[in-house]
Amino acid sequence: MSAAPRVVVVGDVITDVVAMLSGPLATGSDTAAGIRFSGGGQAANTAAWLAGQGAAVTLVAAVGDDETGRERVAELTRIGVDCAVERHEGYPTGTVIVLTHDGERTMVSQRGANLRLTARHVDAALAGAPDAGHLHLSAYTLLDVGSRGAGLRALAAARERGLTVSVDAASAAPLRRVGGAFLTWVRDVDLLLVNTDEATVLAGGLDPAAQARALTSVAHRVVVKRGAAGAVWVERGGRVEAAPAPGVAVVDVTGAGDAFAAGLLTAWLTGASPGAALARAGDLGALAVTRVGARPEA
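Rules used in this analysis
- Residues numbered from 1 in each chain as written.
- Predicted model: local features only at pLDDT ≥ 70, side-chain atom pairs only at ≥ 80, totals over all residues.
- Heavy atoms only, no water.
- Helix = DSSP H or I, 4+ residues; strand = E, 2+ residues; numbered from the N terminus.
- Rg over C-alpha atoms; globule rule 2.2 N^0.38 Å.
- Buried < 20%, exposed > 50% of the residue type's maximum accessible area, 1.4 Å probe, protein only.
- Areas by Shrake-Rupley, 256 points an atom, 1.4 Å probe, with all protein chains shown as cover.
- Lys, Arg positive; Asp, Glu negative; His and termini not counted.
- Charge placed at Lys NZ, Arg CZ, Asp CG, Glu CD.
- Salt bridge = Lys/Arg side-chain N within 4 Å of Asp/Glu carboxyl O.
- Axes fitted to C-alpha atoms, helices over the stretch in contact; angles between N-to-C directions.
- Parallel < 35°, antiparallel > 145°, perpendicular 65-115°, else oblique.
- Left-handed = near helix turned anticlockwise from the far one by under 90°.
- Contact = heavy atoms within 4.5 Å.
- Nonpolar A, V, L, I, M, F, W, Y, C, P; charged D, E, K, R; others polar.
- Expected span 1.5 Å × (residues − 1).
- UniProt positions renumbered as here; feature names shortened; annotations may be inferred.
- Pairing = 2+ DSSP bridges.

**Q** Would you mind going over the overall build of the protein chain with me for this structure?
**A** Looking only at helices and strands, the protein chain has 11 helices and 13 strands in total. Compactness check: the protein chain gives a C-alpha radius of gyration of 18 Å against a globular reference of 19 Å for 298 residues, within 12% of the reference. Along the three orthogonal principal directions, the C-alpha set of the protein chain runs to about 55 × 40 × 35 Å. For the protein chain, with 298 residues in total, the buried portion stands at 54%. Entry remark: accessible area of the protein chain is about 12,000 Å², with carbon and sulfur atoms responsible for 52%. Counting 26 positive and 29 negative side-chain charges, the protein chain places the centres of these two groups 4 Å from one another.

Here it is, written out as C-alpha cells:
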C-alpha cells in the first residue's frame, strides 16, 4: 500500500438544519421532530471524513461573510481540513433543511454563497496545494449554473496538473434538469460515484451493475451506491466487484454517501483493490448512519 496523496475537494459548504421527524410529515399541519444545527455540504462533509481518517485534504469552497460561514470554516479547520474558502460579502452561507424519517431524507436548499465559487479561486487553491495528487468534485458545483464555471475549471485544471479525478454525482433532481450535458462535463474522469436514483437518471432503469457498465463509456470506473443493499464497482474493460453493506441500526442517513466516498478514496488512493475499497467505504458509510449529522465526531 502506498501513502495517500493530498486530496483537493471542490464544492459546497452548508449549514444543515436536520429535523428528525417523529412520523410522516403532516403537510399543512404540525409534525414533532428533534432538530439539530450542524455543518454540512457534500464537499465539506467528504473533506471532514477524509481528514478524520488522517488524509491530507484541502477544501475549495465559498461561504458568506457572516458568522455562520466563520463557524463552518472553524469547525472544519479543527477537524484537520485545510480550508481554501473564499468569503463573499452580501451572500449568506448556504443552508439546507433536511427532513429525515424512516431511513429517508428530503432536502430543501438555499445554495447561497456556494453559487459564488469561481474558476479563479479554484486555480489559486490548486496552486497553493502543490502536493495534491487527487481532485474530488461535488457535482453540485456543476449542477448549479452560478458555480458551473468553477466546476469545469476544477476538472480541466486537475487534468493539466496530472491529478486523478473523482466526481460524486450529487442529486437526482438537478441531474434530471441538466440532462445529458452532465455526462459531457465529466467525460473521462477516473471515478464516478452515483447512488441508485442518480444511476437511473444517467443510465436508465437497469440493474446496478448494468447501469455502472453503461456509465463506463464516460468514466473509467463507476461505483453505484445502493444503501443497505451495498455497492457495485465496475471498471471500463469489464471488471465488476460487489460488496454488501454492514448491518447497522439507522439513525440518520444525512452524509452517509459523503462518508462512503471518503472511505472509498482513502482506500483506493493508497492502492487497495476495488473490493477492499468498497469494504472500507461501506464501513465508513455505516458508521455515518448510526449518528445524527453529516460529519465525523470531532
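**Q** How should I be thinking about the pattern of salt bridges in this particular structure?
**A** Side-chain pairs of opposite charge can arise whenever the charged atoms involved come near each other. On inspection of all chains with the given rule, the structure shows 14 salt bridges. A salt bridge links Arg295 to Glu75, with the nearest nitrogen and oxygen atoms 3.3 Å apart. Of this pair, Arg295 sits in the segment after α11 (274-289) while Glu75 is found in helix α2 (residues 67-79), placing the two residues 220 residues apart along the sequence. Accessibility assignment for this pair places Arg295 and Glu75 in one class, buried. Across the pair Arg153 and Asp123 runs a salt bridge whose closest N-O atoms are separated by 2.9 Å. Taken as a pair, Arg153 in helix α5 (residues 148-160) and Asp123 in helix α3 (residues 119-127) lie far apart in primary sequence, 30 residues in all. Taking the relative accessible area as the measure of exposure, Asp123 reaches 28% and is therefore partly exposed. Salt bridges here are not isolated pairs; linked through shared partners, they connect Arg6, Asp82 and Asp131.

**Q** What is the right way to look at the packing of helix α8 (residues 196-203) against helix α9 (residues 208-215) in this model?
**A** Any two packed helices are characterised by the angle at which their axes cross and by the distance between the axes. It is at 10 Å that the axes of α8 and α9 come closest, and there the two elements cross at 50°. Classified by the angle their axes make, α8 and α9 are oblique. Between α8 and α9 lies a crossing of left-handed hand. Facing α8, whose interface residues are Thr196, Ala199, Thr200, Leu202 and Ala203, α9 presents Gln211, Ala214 and Leu215. Residues belonging to the contact of α8 with α9 are distributed by class as follows: 5 nonpolar, 3 polar and no charged.

**Q** Looking at this structure, how should I read helix α10 (residues 256-268)?
**A** One turn of an α-helix holds 3.6 residues; hence residues three or four places apart share an orientation. End to end, α10 covers 18 Å across 13 residues, agreeing with the expected 18 Å (1.5 Å per residue, within 8%). Of all 13 residues in α10, 12 are buried; the element is thus mostly enclosed. By the burial criterion, the buried members of α10 are Ala256, Asp258, Ala259, Phe260, Ala261, Ala262, Gly263, Leu264, Leu265, Thr266, Ala267 and Trp268.

**Q** Sorry if this is basic, but what is going on with the UniProt feature "domain: Carbohydrate kinase PfkB" (unreviewed entry) in the protein chain here?
**A** Within this structure's numbering, the places UniProt gives as "domain: Carbohydrate kinase PfkB" (unreviewed entry) are residues 6-295. Across residues 6-295, the secondary structure splits into 37% helix and 28% strand, with the terminal C-alpha atoms separated by 20 Å.

**Q** How do you make sense of the sheet that holds strand β11 (residues 221-225) when you look at a structure like this?
**A** Spatially, β5-β4-β1-β8-β9-β10-β11-β12-β13 is the arrangement adopted by the 9 strands of the open sheet, whose pairing is mixed. Of all strands in the sheet, those bounded by a partner on one side alone are β5 (82-88) and β13 (240-243). Each strand axis lies, on average, 15° off the axis of its neighbour in the sheet, ignoring direction. As paired strands, strand β10 (residues 191-195) and β11 are joined by 4 bridges and run parallel to one another. Looking at the pairing, Leu193 lines up with Val223 of β11. Each of β4 (57-64) and β5 is contacted by α2, which is oriented at about 175° to β5, the strand it contacts most. This element, α5, spans β1 (6-10), β8 (132-138) and β9 (164-168) of the sheet and lies at about 155° to β8.

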